[in-house]
Amino acid sequence: MPDTPALTPLWPADAAGLDRAVAVLRSGGTLAFATETVYGLGADARDAAAVAAIFEAKARPGFNPLIVHVADALAAQDLVHWSPQAEALAQAFWPGPLTMVLPLRADAGIARRVTAGLDTLAVRVPAHPVAQALLRAFGGPVAAPSANRSGQISPTRSAHVLAGLTGRIGAVLEGGACAVGLESTILAPGSPARLLRPGTITAAQIEPITGLLAGARSGVITAPGQLASHYAPRAAIRLNATEWQTNEARLGFGPVPCDLNLSAAGDLAQAAANLFDHLHRLDATGAQVIAVTPVPDSGEGVAINDRLRRAAAPRES
Ligand code: TXA
Ligand code: MG
């Protein structure tokens with residue numbers, strides 16, 4: 001396994017930076033890169049030692065499987081058993097913030113730790129131009145969880161990645177602020193198709209293709225990594241705040257007085273893009289409590305409220 005530098009370098013996503021990033025992946029190292037959702041911590045999904053280094057850097061429990069990123073749907077079909085429904089979903093949403101959990105092909109060549117021993121694989125084709133350029137130049141499957149320490153807030157800027165993981169990973173490839181800002185929607189195609197993690201691609205957008213989704217309204221989310229406590233900042237989180245205590249940092253939505261506003265205009269897509277960055281910023285003020293204005297539970301608000309509930313959940317010590 002290659003050495004990780006004491007201070008992790010940040011490379012621009014120009015031709016030279018991409019070359020170096022590909023070299024890191026080829027040599028079995030770990031590389032953080034931007035996707036349109038959040039930054040991922042990538043490694044060659046076929047290389048067991050490289051995949052182990054992801055779990056090590058994040059202190060991620062081994063039972064929590066990783067998403068594999070590929071450049072296009074054809075590359076995904078080398079890894080998983082495809083279906084007409086998967087094809088229709090790929091046509092509608094790839095490249096983009098949808099992950100599909102499908103039966104793993106016996107000849108996929110994916111390291112066993114990626115799937116945590118499951119017989120399914122989560123695959124995704126990201127839309128971010130830097131992720132696309134990287135995947136095309138590398139030419140193989142890249143396992144990449146979000147580039148944060150396990151249980152902490154997902155990174156939507158390179159500075160968030162470095163704050164959490166510097167010295168623990170090979171390099172970061174700069175890709176600016178992530179436009180979507182919440183992790184991908186995770187879906188297991190089938191009849192019924194099951195929603196495993198809500199995201200900005202909503203059940204209402206998916207159901208015309210799949211029929212009624214299981215899990216979309218029950219709140220029972222079955223992706224193995226969906227622990228109750230997740231996305232936890234250092235500060236405690238108080239939800240549905242309609243009045244403020246003096247010691248609290250105030251995270252608003254809509255036209256309310258606050259320290260930072262997810263979207264003063266009440267735009268849910270904008271709120272999704274701002275959520276993790278604003279949590280990072282309010283946490284950095286040293287506030288003991290972050291109080292959050294109610295966010296409507298519709299559209300992208302379902303995924304925002306899912307992340308907020310996990311951020312507020314009682315933490316394992
Ligand atoms: O937007 C995203 O999905 C980002 C970017 C980097 O692509 N990635 C991401 O990865 O959010 P991570 O590891 O933070 O979350 C992946 C989730 C976990 O909850 C994991 O349990 C679930 O996907 N997952 C992975 N493989 C699975 C499988 N075979 N079956 C069910 N759930 C799976
Ligand atoms: Mg994550």
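Here, the structure is the one placed above.
Predicted, not measured: the structure shown is a model, and the values here were computed from it.

Student: Explain the nonpolar core to me, please; I cannot follow it from the model alone.
Tutor: As a rule of thumb, soluble globular proteins bury nonpolar side chains together. Counting residues in hydrophobic clusters, the biggest one holds 46 residues, and the most contacted among them are V68, L79, L98, M100 and V114. Among the elements of the structure, β2 (31-34), β3 (39-44), α2 (48-58), α4 (84-93), β5 (98-103), β6 (120-124), α6 (158-165) and α7 (203-210) are those that each provide at least two residues to this core. Once residues lying within four places of it in the same chain are set aside, the contact partners of M100 are W82, A86, L89, A90, W94, L121, A122, V123, L187 and P189. Judged by nonpolar contacts, the second largest core, of 26 residues, contains V38, A249, F276 and L282.

Student: Mind showing me how you'd approach the environment of P129 here?
Tutor: With respect to the helices and strands, P129 occurs in helix α5 (residues 129-138). Taking relative accessible area as the criterion, P129 reaches 61% and is therefore assigned exposed.

Student: What should I look at first to understand the packing of helix α8 (residues 268-284) against helix α9 (residues 301-312) in this one?
Tutor: Relative orientation and spacing of two packed helices are given, respectively, by the angle between their axes and the distance between those axes. Viewed as axis vectors pointing N to C, α8 and α9 meet at an angle of 25°, and their least axial separation amounts to 9 Å. Taken together, α8 and α9 sit at an angle that is classed as roughly parallel. The element α8 and its partner α9 pack so that their crossing is left-handed. Listed contacts from α9 to L268, A271, A272, L275 and F276 of α8 are G301, I304, R307 and L308. Here the residues of the contact of α8 with α9 are counted per class, giving 7 nonpolar, 1 polar and 1 charged.

Student: It is not clear to me how the sheet that holds strand β7 (residues 142-143) should be interpreted in this structure. Could you clarify?
Tutor: Two pairing modes exist for strands in a sheet, parallel and antiparallel, and in both the strands are linked by backbone hydrogen bonds. Read across the open sheet, the 10 strands follow the order β1-β8-β2-β3-β7-β4-β6-β5-β9-β10; overall the sheet is mixed. Looking at which strands have only one partner, the edges of the open sheet turn out to be β1 (10-11) and β10 (194-197). Where β2 lies against strand β8 (residues 171-173), 2 bridges are found, and the strand directions are parallel. Within β8, the position partnered with A32 by the bridge is V172.

Reading guide: rules and limits
Residues numbered from 1 in each chain as written. Chains lettered and ligands numbered in written order. Predicted model: local features only at pLDDT ≥ 70, side-chain atom pairs only at ≥ 80, totals over all residues. Heavy atoms only, no water. Core = buried A, V, L, I, M, F, W, Y, C linked by side-chain atoms within 4.5 Å. Buried < 20%, exposed > 50% of the residue type's maximum accessible area, 1.4 Å probe, protein only. Helix = DSSP H or I, 4+ residues; strand = E, 2+ residues; numbered from the N terminus. Contact = heavy atoms within 4.5 Å. Axes fitted to C-alpha atoms, helices over the stretch in contact; angles between N-to-C directions. Parallel < 35°, antiparallel > 145°, perpendicular 65-115°, else oblique. Left-handed = near helix turned anticlockwise from the far one by under 90°. Nonpolar A, V, L, I, M, F, W, Y, C, P; charged D, E, K, R; others polar. Pairing = 2+ DSSP bridges.

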